Amino acid sequence: MASTAGQVIRCKAAIAWEAGKPLVIEEVEVAPPQKMEVRLKILFTSLCHTDVYFWEAKGQHSVFPRILGHEASGIVESVGEGVTELQPGDHVLPVFTGECKECRHCKSEESNMCDLLRINTDRGVMLNDGKSRFSINGKPIYHFVGTSTFSEYTVVHVGCLAKINPLAPLDKVCVLSCGISTGLGATLNVAKPRRGSSVAVFGLGAVGLAAAEGARIAGASRIIGIDLLPDRFEQAKKFGVNEFVNPKDYPKPVQEVIAEMTDGGVDRSVECTGNVNAMISAFECVHDGWGVAVLVGVPHKDAVFQTHPMNVLNERTLKGTFFGNYKPRSDLPSVVEKYMNKELEVEKFITHEVTFSEINKAFEYMLKGEGLRCLIRMEE
């Protein structure tokens, strides 16, 4: 691949020209990487709800035309000036948030919210020069969360790339670069349930099931899934969920139902819906004295979280998490190793597969609520 280093690469990319319209496969020009940047060949990508959210552009600013995509796996094609820890041929996972290793957050053992490379959904250009590396006939096509993986080649800041075990199958571990790690880490790194404890998971989509998987790995004995869609319950059993609650089945708040089921509340809860009422329920359903609730879902911008202060004074803890509290460069390689060591099962999250030319099918599956993750194979 070194023969293309320093040159513009022409390749196929799926362009979102405007909000809500099908992506169009076009030939784009991808410029060489600049200082602290890496150009990589994407082999597999998958569709995450965040891509759909910004493609629909409902309720937030969205830049067009742009190349979406942020859950992926690939191989380094070339590196820019100053990049020392990666070289052509390395296997990597691009991540929507980064780790510069120099800011206060990166130096803190408690935080993964890098000052330099934290997710920015508005920025459609690279940090180095404020320009895009993608163009068609000289006109820029904008980036998305620093990754833009719906392209055969993309350019990413080195701080947003995790170098992984070259033996890991890229068509499986690609889903670890966003949603699955977010849910898994919310449980293992933030909620930290003890063996034999009880965990309630609100929302049984891909992220919620990853949170349940974390509870299973931690050895929780009761994993209670809460969802409004009963057809999700059967699938959730594969992820360790062994009890189910549909809030629509009860005349009282679901937190009261869970408290009755568990003699005062669960030990831990993880909220993965983004619905503020579910967030309140997740907090109020944990046991006083030691209960910990972790919020993962992103709420509506006008949402307000309300609970009685006594719920806090009675020694319940409320926490938030961002990407499961994983530092992308430092921690993601070890998540891949969990898969390689058969501690973590990834295959069960991948329910559909399409070729790159069929990428719009992946959007259809997600909009219909079918499956968990749709794998997009870049090479036809």
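What counts, and at which threshold
- Residues numbered from 1 in each chain as written.
- Predicted model: local features only at pLDDT ≥ 70, side-chain atom pairs only at ≥ 80, totals over all residues.
- Heavy atoms only, no water.
- Helix = DSSP H or I, 4+ residues; strand = E, 2+ residues; numbered from the N terminus.
- Rg over C-alpha atoms; globule rule 2.2 N^0.38 Å.
- Contact = heavy atoms within 4.5 Å.
- Areas by Shrake-Rupley, 256 points an atom, 1.4 Å probe, with all protein chains shown as cover.
- Lys, Arg positive; Asp, Glu negative; His and termini not counted.
- Charge placed at Lys NZ, Arg CZ, Asp CG, Glu CD.
- 1 Å grid on protein atoms, 1.4 Å probe; cavity = no way out; pocket = protein on both sides within 12 Å on 5 of 7 lines; lining within 4 Å.
- Points joined across faces, edges and corners; volume = space filled by probe spheres on them.
- Nonpolar A, V, L, I, M, F, W, Y, C, P; charged D, E, K, R; others polar.
- Buried < 20%, exposed > 50% of the residue type's maximum accessible area, 1.4 Å probe, protein only.
- Arc of directions from axis to C-beta.
- Polar contact = N/O pair within 3.5 Å; in protein donor to acceptor, adjacent residues only side chain to side chain.
- Pairing = 2+ DSSP bridges.
- Axes fitted to C-alpha atoms, helices over the stretch in contact; angles between N-to-C directions.

**Quick look at the overall build of the protein**
Okay, so step 1: Looking only at helices and strands, the protein has 11 helices and 17 strands in total.
Okay, so step 2: Against the 2.2 N^0.38 benchmark of 21 Å for 380 residues, the protein shows a C-alpha radius of gyration of 21 Å, consistent with a compact globule.
Okay, so step 3: Counting only C-alpha atoms and orienting by the principal axes, one finds that the protein spans roughly 65 × 40 × 40 Å.
Okay, so step 4: Contacts in the protein between residues far apart in sequence, at least 24 positions, make up 69% of those at least 6 positions apart.
Okay, so step 5: Within the structure as shown, the protein displays about 16300 Å² of accessible surface, and the carbon and sulfur contribution to it stands at 50%.
Okay, so step 6: Separation of charge centres in the protein, based on 41 positive and 47 negative side chains, amounts to 2 Å.

**Side note on the layout of surface pockets**
Okay, so step 1: Approximately 260 Å³ is the volume found for the second largest pocket.
Okay, so step 2: What lines the second largest pocket is a set of 17 residues, among which Met36, Cys100, Leu116, His157 and Val158 lie closest to the centre.
Okay, so step 3: Considered class by class, the residues forming the lining of the second largest pocket number 6 nonpolar, 5 polar and 6 charged.

**Section: helix α11 (residues 359-367)**
Okay, so step 1: For α11, the complete set of buried residues consists of Ile359, Ala362 and Phe363. In a view along the axis of α11, the buried residues occupy a sector of 100 degrees, so they form one face of it.
Okay, so step 2: Immediately beyond the C-terminal end of α11, within one or two residues, lies Gly369, with a positive phi of roughly 75 degrees.

**Some points on unusual backbone geometry**
Excluding glycine, most residues fall at negative phi; most peptide bonds, likewise, are trans.
Okay, so step 1: The residue after Phe64, namely Pro65, is reached through a cis peptide bond having omega -10 degrees.
Okay, so step 2: On the secondary structure map, Pro65 appears in the loop between α1 (49-56) and β4 (71-79).
Okay, so step 3: Of note, Asn137 is a non-glycine position whose phi angle comes to about 50 degrees, a positive value.
Okay, so step 4: Within the secondary structure, Asn137 is located in the loop between β6 (134-136) and β7 (139-141).
Okay, so step 5: For Asn325, which is not a glycine, the phi torsion comes out positive at approximately 65 degrees.
Okay, so step 6: Looking at where Asn325 falls in the secondary structure, it is placed in the loop between β15 (317-320) and α10 (328-340).

**So, helix α8 (residues 276-284)**
Given 3.6 residues per turn, any residue in an α-helix points the same way as the ones three and four places further on.
Okay, so step 1: By the criterion of burial, α8 is predominantly enclosed, with 7 of the 9 residues buried.
Okay, so step 2: Looking only at α8, the buried set comprises Val276, Ala278, Met279, Ile280, Ser281, Ala282 and Phe283.
Okay, so step 3: Packed against the buried residues of α8 are β10 (198-202), α7 (254-261), β13 (268-271), β14 (292-295), α9 (309-313) and β15.
Okay, so step 4: N-cap assignment for α8: the residue whose side-chain oxygen lies 2.8 Å from the backbone N of Asn277 is Asn275.

**As for the sheet that holds strand β2 (residues 24-30)**
Pairing between the strands of a sheet is mediated by backbone hydrogen bonds and can be parallel or antiparallel.
Okay, so step 1: Here 4 strands make up an open sheet; going across it, the order is β1-β2-β6-β7 and the pairing antiparallel. The two strands at the open ends of the sheet, each matched to only one other strand, are β1 (9-15) and β7. The sheet shows a mean angle of 50 degrees between the axes of neighbouring strands, taken without regard to direction.
Okay, so step 2: Inspection of the sheet shows β2 paired to β6 by 2 bridges, in the antiparallel sense. Looking at β6, one finds that Glu29 is bridged to Ser135.

**Focus on the side chain of His157**
Okay, so step 1: Tracing the backbone through its elements, the reader meets His157 in strand β8 (residues 153-157).
Okay, so step 2: Only 2.9 Å separates the side chain of His157 from the backbone nitrogen of Gly159, close enough to count as a polar contact.
Okay, so step 3: Apart from the residues within four sequence positions on either side, His157 is in contact with Met36, Glu37, Leu116, Leu117, Met126 and Leu127.

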